[in-house]
Amino acid sequence: MSKQLTVAIVGATGAVGSKMKEQLIKRNFPIKNIKFLASARSAGKEIEFNGQNYTIEEATPEAFEGVDVALFSAGGSVSAKLAPEAAKRGAVVIDNTSHFRMHPDVPLVVPEVNREDLAKHNGIIANPNCSTIQMVAALQPIREKFGLTKVIVSTYQAVSGSGIAAIEELRAQSAQWEAGKNVEANILPAKSDKKHYPIARNVIPQIDVFTDNGFTYEEMKMINETKKIMHMPELAVAATCVRVPVVSGHSESVYIEVEQDASLQDIFEVLKNAPGIVLQDDITSQEYPMPLFVEGEDPVYVGRIRQDLSIKKGFHLWIVSDNLLKGAALNSIQIAETMLEDNLL
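The shown structure was predicted, so the numbers you read here are calculated from the model rather than taken from an experiment.

Draft legend 1. How the structure looks around the nonpolar core. With 60 residues, the main nonpolar core has Phe 72, Ile 142, Val 151, Ile 256 and Val 302 as its most contacted residues. Considering each element in turn, this core owes the most residues, eight residues, to helix H4 (residues 130-146). Taken together, domain 1 (5-127 + 328-342) and domain 2 (132-321) each give at least three residues to this core, which thus spans both. Ignoring anything within four residues of it in the chain, the contact list for Ile 142 reads Gly 147, Ile 256, Val 258, Ile 267, Val 270, Leu 271 and Leu 317. Within the second largest apolar cluster, 29 residues are counted, among which are Leu 24, Ile 47, Val 109 and Leu 118.

And the structure:
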């Protein structure tokens, strides 16, 4: 990649924004200039990037003048206000919030699945939900070979998906349990909801608030985003999203039904050769993906693959990935890299 770009990060001090900084350096993204933008409260503070200190600027519409790529991870309200302003000034916005994901004119992209959608952008590209990204990345090669008719997923999601404050609360609650003190809960399952539960020593079957149909917004994100990314509005998808006391790394138990006949070995072979996928499945030596061991790793890991005992075209998979990397920051950077490769930047 010889072209040098001016990059802006909005929300660089958050959990995902910090990973975006790391990924830009790790992947040697071609940066000419970089800007760090935040609220007026944070403007003027210093932030370190690749051995240099930079002054954080206030995120205003004018701050995006001359920016080629703007990486947003500062909350949906910030994206709603500033992403169109950045795009108006010629920046390509890659937004990590949920605000634009289901907008019909905004591509929702996982490069291994639907990179062709990037060419349809009007200045804004949405990064999918973390749980959706790892699932569709693993299912796409199967779908290409054998078709796909049904997906049922249960997630086991790390607290880092709710940000740095949730990580700190898990650690504080663990210490409170050990000290025999009252356990304080202020964030999970959803900060905006009326009740909060401890996550230390607990599993919470609610992520985000409930919708009128009994599913949570997180579950509806997985359902609707999967259909949009795969261009399969007719696909049967159901999700149950659960928060577990793990710092980083989302795990998913996924049941699928394929369209054409496939053997267990067929599924193994497809995944073994799939881009961005690591097949880790050897029950004789108890080899399978776990969040503890994928933290800091780029790929999506798949294991515990089984053919259903009663439905011939049904298969069970266990999918694990670092939710702050492929589930967020890494996928955002890969979108920008893919656009460079496809001469879209």
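Draft legend 2. Highlighting the packing of helix H1 (residues 15-26) against helix H9 (residues 325-341). The contact between H1 and H9 brings their axes to 9 Å, and the two run at 50 degrees. Our classification of the angle between H1 and H9 gives oblique. As H1 runs across H9, the sense of the crossing is right-handed. Touching Val 16, Lys 19, Met 20, Gln 23 and Leu 24 of H1 are Leu 325, Ala 328, Ala 329, Leu 330, Ser 332 and Ile 333, all from H9. Of the residues belonging to the contact of H1 with H9, the class tally is eight nonpolar, two polar and one charged.

Draft legend 3. Local environment of the UniProt feature "active site" (unreviewed entry) in the protein. Taking the UniProt record as the reference, the feature "active site" (unreviewed entry) is found at Cys 130 and His 250. For the residues just named, distributed over 121 residues, the greatest C-alpha separation is only 8.2 Å, placing them together at one site. Its place among the elements puts Cys 130 in helix H4. For Cys 130, the residues in contact, after removing those within four places along its chain, are His 250, Asn 323 and Gly 327. Of note, His 250 is situated in strand S11 (residues 250-257). Given a relative accessible area of 0%, His 250 falls into the buried group. Setting aside residues up to four positions removed in sequence, His 250 forms contacts with Cys 130, Ser 131, Gln 134, Tyr 156, Gln 157, Ala 158, Gly 161, Arg 243, Ile 319, Val 320, Ser 321 and Asn 323.

Draft legend 4. Representation of the environment of Glu 48 within the structure. One can find Glu 48 in strand S3 (residues 46-49). For Glu 48 and Lys 21, which are 27 residues apart along the polypeptide, the C-alpha to C-alpha distance reads 9.4 Å. For Glu 48, the contacting residues outside a window of four places in its chain are Lys 21 and Asn 53. For Glu 48, the side chain forms a polar contact with the main-chain nitrogen of Gly 51, separated by 2.5 Å.

Draft legend 5. Structural context of helix H5 (residues 164-179). Between the first and last C-alpha of H5 there are 23 Å, a value that for 16 residues agrees with the 22 Å anticipated at 1.5 Å per step. Residues Ala 166, Ile 167, Glu 169, Leu 170, Gln 173 and Gln 176 constitute the buried set of H5. Just downstream of H5 lies Gly 180, where phi reads positive at about 75 degrees.

Draft legend 6. Seen up close, the side chain of Lys 228. Mapping Lys 228 onto the fold places it in helix H6 (residues 217-229). Buried within the structure, Lys 228 lacks any salt-bridge partner; its nearest side chain of opposite charge belongs to Asp 117, at an N-O separation of 7.9 Å. A distance of 2.8 Å separates the side chain of Lys 228 from the backbone oxygen of His 103, its partner in a polar contact. Those residues in contact with Lys 228 that sit more than four places away from it in its chain are Phe 100, Arg 101, Met 102, His 103, Val 106 and Leu 108.

Draft legend 7. Seen up close, the UniProt feature "binding site: substrate" (unreviewed entry) in the protein. Taking the numbering used here, the UniProt-annotated feature "binding site: substrate" (unreviewed entry) corresponds to Gln 157 and Arg 243. A maximum C-alpha distance of 4.8 Å among these annotated residues, which run over 87 residues, shows that they cluster at one spot. By secondary structure assignment, the location of Gln 157 is in strand S9 (residues 150-157). For Gln 157, a relative accessible area of 1% translates into the label buried. Excluding residues that lie within four positions of it along the chain, Gln 157 makes contacts with Ser 131, Ile 207, Glu 218, Cys 241, Val 242, Arg 243, Val 244 and His 250. Within the local environment of Gln 157, its side chain forms a polar contact with the side chain of Ser 131, the two groups lying 3.2 Å apart. Mapped onto the fold, Arg 243 is located in strand S10 (residues 236-243). In this structure Arg 243 comes out as buried when scored by relative accessible area, which is 4%. Residue contacts for Arg 243: discarding those within four places in its chain leaves Gln 157, Ala 158, Val 159, Gly 161, Ser 162, Leu 188, Ile 199, Asn 202, Val 203, Ile 204, Ile 207 and His 250.

Reading guide: rules and limits
Residues numbered from 1 in each chain as written. Predicted model: local features only at pLDDT ≥ 70, side-chain atom pairs only at ≥ 80, totals over all residues. Heavy atoms only, no water. Core = buried A, V, L, I, M, F, W, Y, C linked by side-chain atoms within 4.5 Å. Buried < 20%, exposed > 50% of the residue type's maximum accessible area, 1.4 Å probe, protein only. Helix = DSSP H or I, 4+ residues; strand = E, 2+ residues; numbered from the N terminus. Domains from an automatic or database assignment. Contact = heavy atoms within 4.5 Å. Axes fitted to C-alpha atoms, helices over the stretch in contact; angles between N-to-C directions. Parallel < 35°, antiparallel > 145°, perpendicular 65-115°, else oblique. Left-handed = near helix turned anticlockwise from the far one by under 90°. Nonpolar A, V, L, I, M, F, W, Y, C, P; charged D, E, K, R; others polar. UniProt positions renumbered as here; feature names shortened; annotations may be inferred. Polar contact = N/O pair within 3.5 Å; in protein donor to acceptor, adjacent residues only side chain to side chain. Expected span 1.5 Å × (residues − 1). Lys, Arg positive; Asp, Glu negative; His and termini not counted. Salt bridge = Lys/Arg side-chain N within 4 Å of Asp/Glu carboxyl O.

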